[in-house]
Amino acid sequence: MINITEKQKQYLKEQHVDISAALENDDLGELLLVIDDAIVDNIVDHHDEPDETGIKLQRIYDQIYNQNTEG
């Protein structure tokens with residue numbers, strides 16, 4: 001099972017990042033790829049620099065990665 005908090009899920013949902021298939025398939029790689037795509041889209045939309053949302057998405061990406069690989 002992927003270790004992800006409800007707060008992280010809620011923020012991703014608010015940003016229209018659809019993680020449902022990745023969670024359903026219990027696929028960490030797919031989950032991180034979906035979040036990464038949202039980060040890239042944010043950067044492209046803001047002249048090659050992430051805005052506050054992009055930075056938060058990157059933080060969540062890093063947190064989820066660490067939550068599922070450390071230990």
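Nothing here was measured: the structure is a model prediction, and the numbers come from that model. (Residues numbered from 1 in each chain as written. Predicted model: local features only at pLDDT ≥ 70, side-chain atom pairs only at ≥ 80, totals over all residues. Heavy atoms only, no water.)

*Asks:* What is the right way to look at helix H3 (residues 28-45) in this model?
*Replies:* Along an α-helix, a turn takes 3.6 residues, which lines up residues three or four apart on a common side. Compared with the 26 Å implied by 1.5 Å per residue over 18 residues, the 26 Å span of H3 between its first and last C-alpha is a close match. Listing the buried residues of H3 in full gives Leu31, Leu32, Ile35, Ala38, Ile39 and Asn42. Buried residues of H3, viewed axially, fall in a sector of 120°; they line one side. Residues of H3 that are buried make contact with helix H1 (6-14), helix H2 (20-24) and helix H4 (52-69). Just downstream of H3, His47 is the residue with a positive phi angle, here 55°. (Helix = DSSP H or I, 4+ residues; strand = E, 2+ residues; numbered from the N terminus. Expected span 1.5 Å × (residues − 1). Buried < 20%, exposed > 50% of the residue type's maximum accessible area, 1.4 Å probe, protein only. Arc of directions from axis to C-beta. Contact = heavy atoms within 4.5 Å.)

*Asks:* Would you explain the nonpolar core in this entry?
*Replies:* Within soluble globular proteins, side chains that are nonpolar tend to cluster in buried spots. In terms of nonpolar packing, the biggest core is built from 15 residues, with Ile4, Leu12, Val17, Leu31, Ile35, Leu57 and Ile64 touching the most fellow members. Looking at which element gives the most residues to this core, the answer is H3, with 5 residues. If we skip the residues at most four places from it in the chain, Ile64 touches Asn3, Ile4, Gln8, Leu12, Leu28, Leu31, Leu32 and Ile35. (Core = buried A, V, L, I, M, F, W, Y, C linked by side-chain atoms within 4.5 Å.)

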